[in-house]
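Residue strings, one per chain:
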Amino acid sequence: GATNGIFAGWFFQYAFAATAATIVSGAVAERTKFEAYLAYAFLLTAWVYPVVVHWVWSGNGFLWFDSENAVSSIGNGMVDFAGCGVVHMTGGFAGMWGAFMVGPRIGRFDAEGKPNSIPGSNASLAILGVFILWFGWFGFNPGSTLGLSGLALTASRCAVTTTLCAASATITTLVILMVVNFVTTGHIVWDLIGTSNGTLGGLVGI
């Protein structure tokens, strides 16, 4: 029969698949019909994502890396501890092509082709969403050890590294945007929305 590990593994991969799908939703937001989004989400999570997961994580995939026994069929294989390639790259490529096909938002560029700023409607909710995602990353990265028995040190290191990377990316982005705004406008402007993008970039990068 099914073991607890099977159910835990299913739920873990379900969360990863949902993450890959939501990456694309942000790239094509406000420019696609709901029916099209449902169709894309089904195809991505039912076919594209499982294929990529099999390549890298299944143990039989051609990109699987086995540090103890054999290497993959193409050489040294691929090490993806918490899904930076399997999840975020898959969602990122799908989002890139989706954005290319649907085009930019109305009003994103002026008549001369210069980009217009489209500020968020609620900065407080945007920042709250970033903190929720940041907290969720502690399930992604330390949780990717797939257990704590004998792996507690590795999981704790993952948690610390995740925190330091996100925090350093936040501070770095905040300072860079402040300097850029000061140079271009002559005023010191603290861009929290732009900084939140830097936070997410640090989380994805780690």
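Structure shown above.
In short, a report on the structure. What you are looking at is a predicted structure, and each value in this text was computed from that prediction instead of being measured.

### Concerning helix α3 (residues 84–102)
Part 1 of the reasoning: In a regular helix each residue adds 1.5 Å, so 19 residues correspond to 27 Å; α3 covers 26 Å between its end C-alpha atoms and thus fits that length.
Part 2 of the reasoning: Taken together, the buried positions of α3 are occupied by G85, V86, V87, H88, T90, G91, G95 and G98.
Part 3 of the reasoning: Phi for G103, located one or two positions after α3, is positive at around 85 degrees.

### Here we look at the packing of aromatic side chains
Part 1 of the reasoning: Tallied over the entire structure, the rule returns 10 aromatic pairs.
Part 2 of the reasoning: Measuring from centroid to centroid gives 5.8 Å for F16 and W57, while their planes differ by 40 degrees, and the two rings are tilted. You can see F16 sitting in helix α1 (residues 4–27) and its partner W57 sitting in helix α2 (residues 34–57), a full 41 residues away along the chain.
Part 3 of the reasoning: Overall, W57 belongs to the partly exposed group, its relative accessible area being 21%.
Part 4 of the reasoning: On the basis of an interplanar angle of 85 degrees and a centroid distance of 5.7 Å, the ring pair of W97 and F100 is categorised as edge-to-face. With W97 and F100 both in helix α3 and 3 residues apart, this pair spans about one turn of that helix.
Part 5 of the reasoning: By the ring-pair criterion, three or more aromatic residues cluster together here, those being F12, F16, W57, W137 and F140.
Part 6 of the reasoning: If you follow R108 out to its NZ or CZ, it ends over the ring of F109, 5.6 Å from the centre.

### What to know about the nonpolar core
Part 1 of the reasoning: Among the nonpolar cores identified, the biggest contains 21 residues, and F16, Y40, L44, Y49, V86 and V87 are the most heavily contacted of them.
Part 2 of the reasoning: Listing elements by their share of this core, those giving two or more residues are α1, α2, α3 and α4 (123–140).
Part 3 of the reasoning: Sorting elements by how many residues they give to this core places α2 first, with 7 residues.
Part 4 of the reasoning: Ignoring sequence-local partners within four residues, the contact set of L44 consists of A20, A21, V24, Y49, P50, T90 and A94.

### Notes on the packing of helix α5 (residues 152–185) against helix α6 (residues 192–205)
Part 1 of the reasoning: At a closest axis distance of 7 Å, the pairing of α5 and α6 adopts a crossing angle of 145 degrees. Considering how the two elements wind past one another, α5 and α6 form a crossing that is right-handed. Along its contact with α5, which presents T162, C165, A166, A169, T170, T173, L174 and L177, the element α6 presents G194, T195, G198, T199, G202 and L203.
Part 2 of the reasoning: Counted by class, the contact of α5 with α6 contains 6 nonpolar, 8 polar and no charged residues.

The rules we used
Residues numbered from 1 in each chain as written. Predicted model: local features only at pLDDT ≥ 70, side-chain atom pairs only at ≥ 80, totals over all residues. Heavy atoms only, no water. Helix = DSSP H or I, 4+ residues; strand = E, 2+ residues; numbered from the N terminus. Expected span 1.5 Å × (residues − 1). Buried < 20%, exposed > 50% of the residue type's maximum accessible area, 1.4 Å probe, protein only. Phe/Tyr/Trp six-rings, centres within 6.5 Å; stacked < 30°, edge-to-face > 60°. Lys NZ or Arg CZ within 6 Å of the ring centre and 35° of its normal. Core = buried A, V, L, I, M, F, W, Y, C linked by side-chain atoms within 4.5 Å. Contact = heavy atoms within 4.5 Å. Axes fitted to C-alpha atoms, helices over the stretch in contact; angles between N-to-C directions. Left-handed = near helix turned anticlockwise from the far one by under 90°. Nonpolar A, V, L, I, M, F, W, Y, C, P; charged D, E, K, R; others polar.

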